[in-house]
Each structure stands twice: as structure tokens, then as C-alpha cells.
Amino acid sequence: MEKLIINGGRRLGGELCVHGAKNSVLPILAATLLIKGESVIHNVPNLTDVDASIGILEYLGAKVKRENDTIIINAGEIAKNTIPEDMMREMRSSIIFLGSLLSRTKEAYICYPGGCDIGVRPIDLHLSSLRKLGASIAESGNCLCCKAPSFHGAKIILTFPSVGATENIIIAAALSKGKTTIINAAREPEISDLAAFLNSCGARIFGAGEGTIEIEGVEGLKPCEHTIIPDRIVAATYMGAAAMNADELTINDIRTQHLAPILPAFMEMGCKLYFDKNSLKITSPKRLKRVKLIKTMPYPGFPTDCQSIVMAALTKSAGTTLINESIFEGRFKHISELNRFGADITVNDRTAIINGVKSLYGANVFSTDLRGGAAMVLAALAAEGRSTISNIYHIDRGYEKLEENLALIGADIKRINDEKEDRESPKKE
């Protein structure tokens, strides 16, 4: 089992680049099933979730070729309409293939998806929305038997602005007959990126990024080239590392407007932010200040994916911060691991109470989920002494070569893949 070994307390500084957004590339890869031709996708990060999506595409019959950060998908011939359970369980985003597979093959047989265990994330909105578009869906144990001889336009009102459900509707409606309207649609930047890709292929999608999206179905889509937007959560992670442990850090390849929901928290912590086109320079104070209250909300609110990252930074702040998690009830599992570093965090219902401490100390911890794993890395970088982080396969789902990138800015961090190397590695003082 691979682990990260971190000797903390080193001051960080320099420049880092942000790779393409995981939460953007996954639905776009699924959407390539709609296109009988060669799709060229640039700025694709090398992540295990991306590998899982590619595996599904290849299983279905698509031909996929990777050249550095570019993926070329030819979905001209799709031979299957089933996705095996082991492939579905590799990631939560696998459910996005349902809309595209139904649109392409008219029938689909899949199992329920997997992913991080961060709380109840039902797919009811996905299924009810696809049914409104004309699909018939029967549940048999852990599997779904779906048929859609033809999708037709519909008015769909989401009871919650679900990102995944919004994406599934957009993909399924792109080749439907008539007009589809999504009310209370998710507004995340990744929704807009998916729409931009499909529109470049000839789709007619209007209002992506707003609460109401309209899709006018077209008869066919043509191949195109598309560049994935930068990953705003990776950018936020680097900002967290800078806030905790860097005098100054420049983060390149960002889109400032996508980071707007988290900027007030960092400014309230006492960080100074300087923007220049597609880059951000962040400087941190000698000690971070507390933030009165953070509440996770759908975009453009504070993102739940950044909750654990900002919490890690606030463990060393002066004062007490409250973080209310309103999206996923299971997204506090990382707290017990953060407390192993000497942090002082308690939980009352769905609110975490972070009492800042002056110092953190090295610890042996494990990644509870993707973003919780990133929080462990940030805490270990700021802690005094040596830390070991296990279960880092979670981290690899959303961060490309995280340890190599952090080493570029001065972190003492390495990846090991056997216990013997861990035991024999000399402890650095």
C-alpha cells in the first residue's frame, strides 16, 4: 500500500500550476459517447478517476488514446450498453454515463455507483429526471435496467441543484426531440464547461451557469477540440498550503471568478491576495486569524469540497471558527484524523468547532476521502516532525502528482510503496 511521508515545518514558497478540473473532465468524457467521431480533449489531468472513465469508454467500444494531457476519444462504434459493477463502483461520477449511454444505445444496464463515503448521495434526481425525458427505469437489486427509445423535451424542476443530475439531464437532452428546461439547475463552473464542449459539437444549450438552463435538442453532434477549465479545488488546496506554511506562493493557471466563493475566507484569515490575469499570489500572516462562520452551500456559495481544506488551515488560527456542513452529512470524517496532529476540533450536529492551536505535531493518519486526504497533507506540511499518510489512493482520485508538485515549492514529501522502505527511511530532524 502506498503512503506519503512528510517531514513538516518547512517554509514553502515559489510557483505552482493548476491542472485541469476533475469534476469537469469526467462528465465531458461521458458526453463523448454522443459523438460518432474523434473528440480531442486537452488539459486532462492524470487521475485515477480519469483512468476509470477511460476504462468505461474502452469497455463500451470507444477507442481512446492519450498524448500527455490530451485525450483523443473515437466513439464511432459502441458495441455494448452495459457497465460492469466493478467499473461503476470505482467512482461516484460513473452515474453520468447513464444519460449518454441511453441516448446513444437506447438501452442501458448499470449498477449503482461508488466513490468517497461522505454521506448519503442518492441518485433519485438523476432517475426521476431521465424518466421525465422519456426513459423507463426498473430497479433490480443493485442494478438498473433502463430503456429510452427516444428522449423528448421536458420541464424539469430539481428539488436540489444537484451537479450530477444537471449534467445527466444536459447530456441526455442534447439529442432529444424538443426543448428541455431545467429549473433550479446547478451553477458550478463545471456545468458551464460541459455545455461549452457540447455547444462546440453543435448542441444548443443556453443559460449554463445560471439557475435555469434550456436545451434545444438537435439531430446530431460533430467532433470538436476542447480544453478543460482549471481545477478550482486544486487551486484552493494550494491556497490552503500557502496560508498555513508559506510566506508567499504564486498559483498559475487559475480562473479568478471560479475562486470567488472561497476568497473571503482566506482574506478573513489575514491572507493577502494579488491577482494578475490567470495567476494568484498569496501571502500569509505570521499567524492566521479565525473566520467567524463558514457554511457550505451550492455554487456560488462556499464549496463543500473546500471545507476540509480550509478547516486544516484554521487548525493553527488564533481563535475559534465554526464550519457548518449543509451538503453532505458525512463530510466530517477527517476531523478525528486532524485531531491526531494536535488540532482541537469538536462537532455539534453538522457544525465543526475549530479552536486554533499554536502548533501541530507529526502523526500517522489515513485519508478518509479525497478532500479529507488533502487536508491531512496540509496539516502534515505545517506540523512539527514526521507524518505518515495512508490510503492515499483517495488523493490520487483528484490530485495529479501532488507530492511532486509540493516538493517543487520546498516540501519534504515523498511517496513510498512498501512498509520496508518506511521502516528504513531515516527520520529527518
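Keep in mind the model is a prediction, meaning the values are calculated, not measured.

Peer 1: I'd love a proper account of the pattern of salt bridges, names of residues and values included.
Peer 2: With the rule as written, the count across this model stands at 13 salt bridges. Between Arg10 and Asp412 there is a salt bridge; the shortest N-O distance is 3.6 Å. With Arg10 in the loop between strand S1 (3-8) and strand S2 (12-17) and Asp412 in strand S23 (residues 412-416), the pair connects residues that are 402 residues apart, well separated along the chain. Asp396 is the salt-bridge partner of Arg415, the closest N and O atoms lying 2.8 Å from each other. Within this pair, whereas Arg415 is found in strand S23, its partner Asp396 is found in helix H14 (residues 393-396), the two being separated by 19 residues in sequence. Its relative accessible area of 25% is what places Arg415 among the partly exposed residues. Several salt bridges share partner residues, and in doing so they unite Glu2, Asp396, Glu403 and Arg415 into one network.

Peer 1: Before we move on, could you go through the layout of surface pockets and cite the residues and values that matter?
Peer 2: Roughly 260 Å³ of volume is contained in the second largest pocket. If you go around the second largest pocket, you meet 16 residues; those closest to its centre are Arg11, Met244, Lys286, Lys316 and Lys358. A total of three residues in the lining of the second largest pocket trace back to one element, the largest contributor, which is helix H8 (residues 232-245). Within the lining of the second largest pocket, the residues separate by chemical class into six nonpolar, four polar and six charged.

Rules behind the numbers
Residues numbered from 1 in each chain as written. Predicted model: local features only at pLDDT ≥ 70, side-chain atom pairs only at ≥ 80, totals over all residues. Heavy atoms only, no water. Salt bridge = Lys/Arg side-chain N within 4 Å of Asp/Glu carboxyl O. Helix = DSSP H or I, 4+ residues; strand = E, 2+ residues; numbered from the N terminus. Buried < 20%, exposed > 50% of the residue type's maximum accessible area, 1.4 Å probe, protein only. 1 Å grid on protein atoms, 1.4 Å probe; cavity = no way out; pocket = protein on both sides within 12 Å on 5 of 7 lines; lining within 4 Å. Points joined across faces, edges and corners; volume = space filled by probe spheres on them. Nonpolar A, V, L, I, M, F, W, Y, C, P; charged D, E, K, R; others polar.

Nothing here speaks to function; it is all geometry.
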